[in-house]
Amino acid sequence: MITIKPKKGSLLIAEPSIIGDVSFNRSIVLLADYTNEGSIGFILNKPLDYTINDLIPEINANFKVYNGGPVEQDNLYFIHKVPDLIPDSIEISLGIFWGGDFNVVADLIANNQIEEKDIRFFLGYSGWDSNQLDEELRVNSWVVTENVYQNNIIEKDYESFWKEKMVEFGGEYSIWSNAPENPSYN
């Protein structure tokens, strides 16, 4: 498998070799930032048993909340594709934006001006110190790919995402696509 150099907006696909890692088993991470000082990303395919309404009762919506990663899991983060509606957003790449004015987000949801396909909420994020992600790449913990979905990645079905990538990679990865999530179930 040929992987590209990670950059802001790349996808990190967890290698089958990290099965058993509680945080990153079968994860697909969108890199929100990648610098010499470190990297930040959000796990796209790990929904929690919460909706935004469960966490913030004033927001009457059932948008799913995802586990963004093991860092700061008591904080809520979001990515979206509507920067014209949400001030103070930071572009990650390809029409995907991170953060912005949360009070505006709450109002947009309340007024049905934003849909779940436009935004994804996370508790926590995935973070790597300087060179930590590069070291994980050297030991083959991740495959780095371009985000071919662009801002439609926010709508991507989380349940089959990792499996689809394994099939797409082909070869020995195809075998892993049908392996149970927990190897002890085998």
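Residues numbered from 1 in each chain as written. Predicted model: local features only at pLDDT ≥ 70, side-chain atom pairs only at ≥ 80, totals over all residues. Heavy atoms only, no water.

**Student:** How should the overall build of the protein be read in this particular structure?
**Tutor:** Within the protein, the secondary structure is distributed over five helices and ten strands. What you see for the protein is a C-alpha radius of gyration of 16 Å, in line with the 16 Å of a compact globule of 186 residues. For the protein, buried positions account for 48% of its 186 residues. Taking as baseline every contact in the protein between residues at least 6 positions apart, the subset at least 24 positions apart corresponds to 62%. As displayed, the protein offers around 9500 Å² of accessible surface, 46% of which is attributable to carbon and sulfur atoms. (Helix = DSSP H or I, 4+ residues; strand = E, 2+ residues; numbered from the N terminus. Rg over C-alpha atoms; globule rule 2.2 N^0.38 Å. Buried < 20%, exposed > 50% of the residue type's maximum accessible area, 1.4 Å probe, protein only. Contact = heavy atoms within 4.5 Å. Areas by Shrake-Rupley, 256 points an atom, 1.4 Å probe, with all protein chains shown as cover.)

**Student:** In this structure, what is going on with the packing of aromatic side chains? I would like to understand it.
**Tutor:** The geometry of two aromatic rings is summed up by the distance between their centres and the angle between their planes. Tallying each qualifying case throughout the model produces 15 aromatic pairs. Taking 5.3 Å as the distance between ring centres and 75° as the angle between the ring planes, the aromatic pair formed by F24 and W142 counts as edge-to-face. Separated by 118 residues along the polypeptide, F24 in the loop between β1 (11-14) and β2 (28-35) and W142 in strand β10 (residues 142-145) bring together distant segments of the chain. According to the relative accessible area criterion, W142 is buried, its value standing at 2%. Ring plane angle 55° and centroid distance 6.2 Å describe the contact between Y66 and F122, whose orientation is recorded as tilted. Of the two residues, Y66 sits in strand β5 (residues 64-67) while F122 sits in strand β9 (residues 119-129), which places them 56 residues apart along the sequence. Residue Y66 is classed as buried on the basis of its relative accessible area of 5%. Residue class for F122 comes out buried when judged on its relative accessible area of 0%. (Phe/Tyr/Trp six-rings, centres within 6.5 Å; stacked < 30°, edge-to-face > 60°.)

**Student:** Before we go on, may I ask you to explain helix α2 (residues 102-110) in this structure?
**Tutor:** Think of an α-helix as 3.6 residues a turn; residues three or four steps apart then line up on the same face. Listed in full, the buried residues belonging to α2 are V105, L108 and I109. All buried residues of α2 lie within an arc of 95° about the axis, which places them on one face of the element. Opposite the packed face of α2, turned more than 90 degrees from it, sit the exposed residues N103 and A110. Along its buried surface, α2 packs onto β6 (71-80) and β9. (Arc of directions from axis to C-beta.)

**Student:** Looking at this structure, how should I read the side chain of N147?
**Tutor:** Tracing the chain through its elements places N147 in the loop between β10 and α4 (161-169). A distance of 3.1 Å separates a polar side-chain atom of N147 from the backbone oxygen of Q150. Beyond its immediate sequence surroundings of up to four residues, N147 is in contact with G9, L11, L30, L94, I96 and I153. (Polar contact = N/O pair within 3.5 Å; in protein donor to acceptor, adjacent residues only side chain to side chain.)

**Student:** Please clarify how the side chain of S126 should be interpreted in this entry.
**Tutor:** With respect to the helices, strands and loops of the structure, S126 is situated in strand β9. At 2.9 Å, the side chain of S126 and the backbone oxygen of G68 are in polar contact. Once residues within four sequence positions are removed from consideration, S126 is found in contact with F24, V29, S39, I40, G41, I43, G68, G69 and P70.

**Student:** I would appreciate a short explanation of the pairing of β9 in the present structure.
**Tutor:** Consecutive residues of a regular strand have side chains that alternate between opposite faces of the sheet. In terms of burial, β9 is largely enclosed, as nine of its eleven residues are buried. Sheet topology places strand β3 (residues 38-43) next to β9; four bridges connect them, and they run antiparallel. Bridge assignment links G38 to a residue of β9, and that residue is D129. Where β5 and β9 come together, three bridges link them in parallel fashion. Counterpart to N67 in the pairing with β9 is L123. Alignment of β6 against β9, held across six bridges, turns out to be antiparallel. (Pairing = 2+ DSSP bridges.)

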